[in-house]
Structure formats: structure tokens, C-alpha cells
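Single-letter residue listing:
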Amino acid sequence: MEAFTRSLAQLHVAGVPVDWASWYPDPKPRAAPLPTYPYQRERYWISGPGTAGTDVRAAGQDPLGHPLLAAAVPLPDGGLVATGQLPAAGGWLGDHTVGGQVLVPGAALAEWAIRAGDEVGAPTVEELTLQEPLSLHADGGTRVRISVGPADPTGRRDVSIHSQPDGASGWTRHADGVLAAQTEAPPPDDRVTWPPAGAEPVDLSTFYAEATGAGYGYGPAFQGLRAAWRLGADLLAEVCLPEEAGDPAGFGVHPALLDAALHPALLIRDTGDGRVWLPFAWNGVRLWATGAATVRARLSPHTDRKALRVELSDTAGAPVLTVDSLMMRPAAPSRLPAHPHLYTVDYEPIAPAGPVAVEVARVAPGSGPAPAAQALRLVRDWLAAHPDGDGRLVLLTRGAVPVDGAGADPAAAGAWGVLRSAQSEHPGRLVLVDIGDDGDERAVAGAVATGEPQLAIRRGQPYRIRLHPATGAREQEPPRLDPDGTVLVTGGTGALGALAAEHLAREWGVKHLLLASRQGPAAPGANRLRERLAAAGAEATLAAVDIGDEDAVVRLVAGIDPAHPLTGVVHAAGAVDDAMLDAQDERRLATVWRAKAGGAAALHAATAGLDLGMFLLFSSAAATLGSLGQANYAAANAYCEALAAKRRAAGLPGLAIGWGAWATAGGMTAGLGDADRARMRRAGVIPLAPARAWPCSTPPAAIPPLTLSPPRSTRKRWPVSRPKRYRRRCAASRAPPARLGVPRPPPRRRRPTGPPASPRCPRRSATASCSSWSAPMRRRCSGTGTPPASPPTAASWSWASTRSPRSTCATPSERRPGCG
Ligand SMILES: NC(=O)c1ccc[n+]([C@@H]2O[C@H](COP(=O)([O-])OP(=O)(O)OC[C@H]3O[C@@H](n4cnc5c(N)ncnc54)[C@H](OP(=O)(O)O)[C@@H]3O)[C@@H](O)[C@H]2O)c1
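Residues numbered from 1 in each chain as written. Predicted model: local features only at pLDDT ≥ 70, side-chain atom pairs only at ≥ 80, totals over all residues. Heavy atoms only, no water.

- As named in an unreviewed UniProt entry, the protein chain is PKS/mFAS DH domain-containing protein, taken from Phytohabitans houttuyneae.

Shown next as C-alpha cells:
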């Protein structure tokens, strides 16, 4: 019988389902968690203040032993200044971006205030109001100062937080507040079953992807939210500290953990209005235990729903941190990038390298699609002649990209569209170099030697190409259009064209719309669209026109009622005919070119001499990123972008937006299946909701409005201005350790975090990925507080194998974040 039971157990361990209920008679035995991992990892390096600490003392300061705050200087009046040096925007802090900008999370500022308060016996943050976001820079560190004033007669102290980037002279005040002594007793342990009865699970599978779409960039270190539930108005969550965020030791509460515990607030706060909400005012912040790496969070909206109560407890229900009230507010517009989805393409001068021998092919100047077609032929022929994958071809164009805000030749830009797609399909085989004049050819070999895949050379100076988050005022007025005028929307019966027409009517107050497409009034849904526009206050005329037909476009524009003259153009007509490079040909190019580039050229010509307030071209990120299989589409879009730049250079209105994917039901992305969309999401392509997309169509005047709403993958493939470390995610297979809070001796009133979580974890990771987390738990479960001095023995293995950890550490939690 024992042998049979053992066999059953082996099957069970191997993952075979066993009906234990029928095997065991009543009373059924209690399920026991899997044994802990027998080996202890122990660090033998001497920790402690180290050299930095020694230096700090030598400089008359006290080491703080805090990962971000190095030292404190007690002041004669009883106050104190805590100081720290934040690194350049990298590391785990670099994983917290808002609108593409690395911002130190408000949770870090709250944590610093607590830590500074600890030093003066005032560890309760009565209030902390954030004034300015603290942004980190790619090219240098930032000094921070937490200044705590002397105690007033009630024991309260002012606190303020300032920063100064390296090399700067002034200081920026980021937060002000008041610290007070700890007078309250810790709240009682919350020993309810977890999650509580009636809690409704929240699907988090797309949470971080959608947060990115909304402008919150949570990198791996900040993706600690593991599970969430709704319970009435409350949100409950399980949060762990991802490995990427480093060790919680030294922090009161690790900012990445506290920040992630606040992420469920987005489920309340997402107003869909494109605004980014950030913690603003903290009240009554009390830290009860330190060093937690896994917490349960409860966010309870106050009755006015303007603020939240926040309670963090460890996995046994013991309190870790409470916040009486946390108020969020939209980030100050002027302090954030123009729009989280807007990027500009910039040209950065670089030093040439030692010249290399290069094989060069020239794309001849031409008009219309001719350079694009020639580029296609050149690349296809060269690739066919070099099928072994060897060699590298430099493609030379002239005037294809607008360096220094100068206009570009749209036809040459079309060639770049083709070539960028070709680069994506054949990585490492092609280099694009755009020159200004013949003299620049001498600099080609040195420029190519830099290893940059796309370069421009002007007056002998090589430039590399980078994406930068657009900066400037965040909210921008739409262009002023004559209210009696007409706006022509090409592709106006298509998915985005119809949305554009509605947006123009509802938001911009346009009263006369001319919607042009080949099907015109016969397009599906045309009547309903006309009705919707009428309800929005606009009279719509639908015209059946091939926008690539120059004469037809001239007639269309000439036929506009002079009482409502043409005042703006939105060119949203477009077509796709995707194929990989070896299946691309001039016929496919011509089809796609006609609607998009041909249409743009025809509109440009037909409206010459008219007083337009807007000339908006719907382009695609494909033009800049060079999508696979879209050489023709990228070419046509690149033409549009260069045409917009050329118009601006000539003092005419011109804006081309290189959209990423839109989150709409129909349109060009309608053919994508669930698998395609899932693949896009995995690659980081986050469709943009219309509410978030429209603000992009009015970029700040200060930026060159060649913009992208780039898919997130852009940042992986393209160098951006603030390089970010793309570390592996906290994937289920590499789950973060579920370390628990440990007592920290110095702060006087802290008590240890409660007993650790159950070392159970889902079977598939029981032996491998979870081994790293169970070791510290066993150590703490054993109650010794220190790891065994000697390596594990057979006895320790047997202890780990046979003894239920439940018997040594009573824990209610059966879930283990990160492994599921
Ligand atoms: N959807 C996205 O996620 C996305 C992303 C990036 C960029 N874009 C750009 O946004 C624009 C609209 O895309 P969409 O998704 O709304 O596509 P869509 O639904 O297919 O609409 C395209 C429109 O263009 C019209 N059209 C095509 N060829 C034309 C021609 N020769 N003359 C006149 N009209 C023509 C079509 O109507 P007829 O067939 O009746 O002519 C249709 O109304 C396109 O320029 C596209 O490149 C879209």
C-alpha cells in the first residue's frame, strides 16, 4: 500500500492529476504546501557603510545606509538635511516613465520623507504635497536634498525635497510637507481570508500594456502588480517587488513596491481623457514594517472619490504601511512632454570614424514614385546577387530627410520609405546615407564607419537619426479655422477619416465638411455618418473622387461653394498592398502610392494659392520605422511627411502624423486577427485609443511637427533620446523572489513584518523558478532570523521535505505572486 501511495505521489509531483478525495477516506488530510528549498544562499561580502560610508563620516556626516540617500547632516537647530545622488536615468529608477520622461515616482519622495523623519524621531508624514515632478536625465546624475526643520512645540517639523541635476546651479523644490512623531498604535493585523469573500478578480493581462498606452511607462522594475480584485468600491491587490528593482534592504518601503501598490488606482482613475494622473498629496503616511518585498494592498476611495486610503500589509495581514489619504491629480501640463505618444525625429551630429571601404549604390533624383521604384529595384537586384547574406550596401540619396528643419525632397523621401522597410527585412545588409550635395560624398565612408544604419550628411558633417519624446506645452489649441469655411477630408468615409470628420465637427466646431473617397455616398455607412455629423452640427457633402487623379482633385476643389471656401485639408485616404520585398513590384507601389502620395501631391497642387489654416496628412509610423512587408506603404507615407516638411519650409501649413496603430474596429488594421493583435502587443505595439490620439494632431508649435505615435517597440529598435535598459520582464518563468519584510533595527518604533507567505507556489515552477524565493522564507520561518551557519545537511533536507512550513509559519496565503 505504501508503495502504491508513493507511486501516486510521484505521479502527482510529475503533474498527473490524482483524485485524492477518493483515495483518502474521511476525515481527509489537510493539503500541505510543498517543502522549501534546502539550500541557503548566503552573502559573504562584508556589508556596511563601506568606503562611501567611511568618506561620509570623514566629511562630518552620518551614513544613512539607505540605497538612495547616502548621508544626513544634523543641523544645530535640531533639523537635518539628508542627501543623496541619483544616477542618470537608468537602473531601476529608469523604469518609471511618464509621457516618455523618466520621473522619480512620488512613492520615492514619500519614502525619503519617512526616512529623514526617522532620523529626527518624526517618522509620520502628516502631509507631503508634490509640487514638481522630479525627472532624471540621461546624461548625468541628480542630487537630492531632504531638508527637515526644527521641531515646533507640538513636535512637528517642516520637510521639503529639492533636487539639482549635475552641473546645474539652481535647485528645484519638488515637495513640501510636515513630519510628526508616531503617536498611533499600529493597526491590528488583518487576518481575513485572502482574497476576502466576495472579491471580484480583475483581469490584469493587458494592464501594463494599457497603462503604457495611457502614458504611464512601467518598466520591469515597476511591474509588480500581480493580482487585483474589486470589493465594493475598494480595490485589493497583490504586489511584489520585481527582481529588477533590486533589494528592499535599506528602504523603509521600496519605492517600486509602493508605486506598484498604487497602480490599481489607474483602474479607478482612467478617465480616458488622455491625462496622466500622478500622486499629488500624501496625508498620514505611517510605516509599520520595513523591507517588505511582497504586500497586499487595499485602496479605498474616500466618499468624495478625490482621494484614497491606502493600506499595505504583509502576506500574513500584519500592517506594513498606511496612508490616510492619497490624492492624485493630472500631471502639470507644462512639466510633461507634449504628449506621451508624440515623438520627433531628430538629427544629431556625430564624429566620423576611421573610413571603411563601402559598396555604394546611388538613388537618382526624380519625381513621384520614380526614386522609390528605383530604390526597390536596386535593393532587390543587389540582394538577389548576394544571396549568401554577406556584404553590405550603402544606398545614397540626396535631400531625402529634413535635417535642421530644412525641407526635404518628397520623392527622394519615398525612396527612404522603401529602404527602411528593406532594412527591417534584411537587418545589417543595408545602410542609408542621405547627402546634401556632391561634396558630402567624401564623408560617406567615415560616416558609415560609425556603424549607424541611417545617416544624413550636410556640409561634410554626419548626423545620426534619433527619436525624441516631443516636449513643450501639453495642451494645444486646434488651428483656427474660418467657421464658415469647408474642411475637405479625403478617405472621409473610411474608419479614421470618419472619426476625423466627427472630431472636426464636435471638437473644432467645423460646420462644413467635404468627404471624398472613391465610393463617396455609396460607401458603407455613408448615410449614418452624414446623420452623425449633422447631429454634431456639421453639414457633410460626400463626393466620389479618386484622390490620386490630379484633374479630378482640381475639379473637386473648384466645386466648393464660395460661400464656404476651403479652409482646411485632412488627407486620410490610403490603401495597403503588403508584400515582402521579393514580392514587391512597381504595380504594387503604384497602387499604394496613388491614394496616399499621389493624393497628397494633387491636394498640394490644387490648393496652391488658397488661404488654408490646416493641411493635415495621415501618415504611418511605417515611414520612419520601416515595417516589414510594407515597403510600398512606407514609401508613400514618407513622401507625405516630406511634403509636409517642404510646405512648412515654404511657410505653408503642413503637418504629417506618423500614426502607430489606432484602436478602432475598422480601417486598415481591421484585417488583423486576434493572433496578429496579440503578436503586436507582445512586440509592444499598443493601439492608440482615439481619445488619446487626437491631442497628437495639435502638437505644440515649438516642435517640428513631424511626429509619431510610436508603438512601444520603437524604443527597442530605435535609439531614443533617453536610452533605457531593456531588461527582461518579470516573467512568470523568472518570477521575482517573494521576500518578506524583515525588521530593521534602527527605527525605534518598527516592528517586524508578520510571518512570511506560504512557500507554496504553482507546480510548474515548484522546483526551478521558485527555488530562489523559498530559501529566505524558510530561514525566517524557522524563527532563527539567521541562516544556518553550515551547508544544508541530509537532516536539513529532510526537515525541508517533510515538515509542513505551515506548522512553523502560520500563513493564510496560498498564492505566490509572480509564479502564476
Ligand atoms: N488604422 C490605423 O491604425 C492607421 C495607422 C496608421 C496610419 N493610418 C492612416 O490613416 C488613414 C486612414 O486609415 P483607415 O484605417 O481609416 O483606412 P480605411 O478605413 O481603409 O480608409 C481608407 C479610406 O481611403 C479611401 N481611399 C482609398 N483609396 C482612395 C483613392 N484613390 N481616392 C480616394 N479615396 C481613397 C477609402 O475609400 P474608397 O475605398 O471608397 O476610396 C477609405 O475611405 C490612412 O492614410 C492610413 O495610412 C491608419
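### Thoughts on the site of the ligand
And then number 1: Every one of the 27 residues lining the ligand counts as a neighbour, but Leu-496, Arg-518, Lys-596, Tyr-633 and Met-668 are closest to it.
And then number 2: Take Arg-518: an N or O atom from its side chain is 2.8 Å from an oxygen atom of the ligand.
And then number 3: A distance of 2.9 Å separates a nitrogen atom of the ligand from a polar atom in the backbone of Ile-547.
And then number 4: Contact with the protein chains hides 91% of the accessible area of the ligand, taken as 870 Å² for the molecule alone.
And then number 5: At the level of secondary structure, the elements contributing two or more residues to the shell around the ligand comprise α11 (495–506), α14 (586–606) and β29 (614–620). (Near = heavy atom within 4 Å. Polar contact = N/O pair within 3.5 Å; in protein donor to acceptor, adjacent residues only side chain to side chain. Areas by Shrake-Rupley, 256 points an atom, 1.4 Å probe, with all protein chains shown as cover. Helix = DSSP H or I, 4+ residues; strand = E, 2+ residues; numbered from the N terminus.)

### Here's the deal with helix α16 (residues 631–649)
And then number 1: With 19 residues, α16 ought to run about 27 Å at 1.5 Å a step, and its terminal C-alpha atoms sit 27 Å apart, in line with that.
And then number 2: Burial runs high along α16: 16 of the 19 residues are buried.
And then number 3: Just beyond α16, the residue with positive phi is Gly-651, at close to 80°. (Expected span 1.5 Å × (residues − 1). Buried < 20%, exposed > 50% of the residue type's maximum accessible area, 1.4 Å probe, protein only.)

### Topic: the side chain of Thr-567
And then number 1: Within the secondary structure, Thr-567 sits in strand β28 (residues 566–571).
And then number 2: Among all residues touching Thr-567, those that are not within four sequence positions of it are Leu-481, Asp-482, Gly-485, Thr-486, Val-487, Leu-612, Gly-613 and Met-614. (Contact = heavy atoms within 4.5 Å.)

### Some thoughts on the packing of α14 against α16
And then number 1: For the pair α14 and α16, the least separation of the axes is 8 Å and the interaxial angle reads 15°. Between α14 and α16, the angle falls in the class roughly parallel. Where α14 crosses over α16, the handedness of that crossing is right-handed. In contact with Arg-588, Leu-589, Val-592, Trp-593, Lys-596, Ala-597, Ala-600, Ala-601 and His-604 of α14, α16 contributes Asn-632, Tyr-633, Ala-635, Ala-636, Asn-637, Tyr-639, Cys-640, Leu-643 and Arg-647. (Axes fitted to C-alpha atoms, helices over the stretch in contact; angles between N-to-C directions. Parallel < 35°, antiparallel > 145°, perpendicular 65-115°, else oblique. Left-handed = near helix turned anticlockwise from the far one by under 90°.)

### Observations regarding the pattern of salt bridges
Two side chains with opposite charge may pair up if their charged atoms get near one another.
And then number 1: Summed over the entire model, instances satisfying the criterion amount to 19 salt bridges.
And then number 2: Taking the shortest distance from any N to any O, the salt bridge between Arg-173 and Asp-176 comes out at 2.3 Å.
And then number 3: Since its relative accessible area comes to 41%, Arg-173 is described here as partly exposed.
And then number 4: The shortest N-O distance in the salt bridge between Glu-348 and Arg-464 comes to 2.9 Å. (Salt bridge = Lys/Arg side-chain N within 4 Å of Asp/Glu carboxyl O.)

### Here we look at helix α4 (residues 106–119)
And then number 1: Between its first and last C-alpha, α4 extends 21 Å over 14 residues, near the 20 Å set by a 1.5 Å rise per residue.
And then number 2: Extensive coverage of α4 is indicated by the burial of 13 of its 14 residues.
And then number 3: Just past α4, the residue Gly-121 takes up positive phi, approximately 70°.

### Concerning the UniProt feature "active site" (unreviewed entry) in the protein chain
And then number 1: Here the UniProt-annotated "active site" (unreviewed entry) positions come out as His-96 and Asp-259. The named residues occupy 164 residues along the chain; their greatest pairwise C-alpha distance, 9.5 Å, places them in one compact cluster.
And then number 2: Assignment of secondary structure puts His-96 in strand β4 (residues 96–98).
And then number 3: Judged by relative accessible area, which is 5%, His-96 ranks as buried.
And then number 4: If you trace the backbone, Asp-259 turns up in helix α6 (residues 255–262).
And then number 5: Residue contacts for Asp-259: discarding those within four places in its chain leaves His-96, Pro-105, Ala-107, Tyr-218 and Phe-222. (UniProt positions renumbered as here; feature names shortened; annotations may be inferred.)

### Thoughts on the sheet that holds strand β7 (residues 134–135)
And then number 1: In spatial order, the strands read β7-β5-β4-β12; together these four strands make up an open sheet with antiparallel pairing. Edge positions in the open sheet fall to β7 and β12 (216–218), since each of these has one partner strand only.
And then number 2: Pairing of β4 with strand β5 (residues 101–104) involves two bridges; the strand directions are antiparallel. What sits directly across from Val-98, in β5, is Gln-101.
And then number 3: On the sheet, α4 packs against β5 and β7 and is oriented at approximately 25° with respect to β5. (Pairing = 2+ DSSP bridges.)

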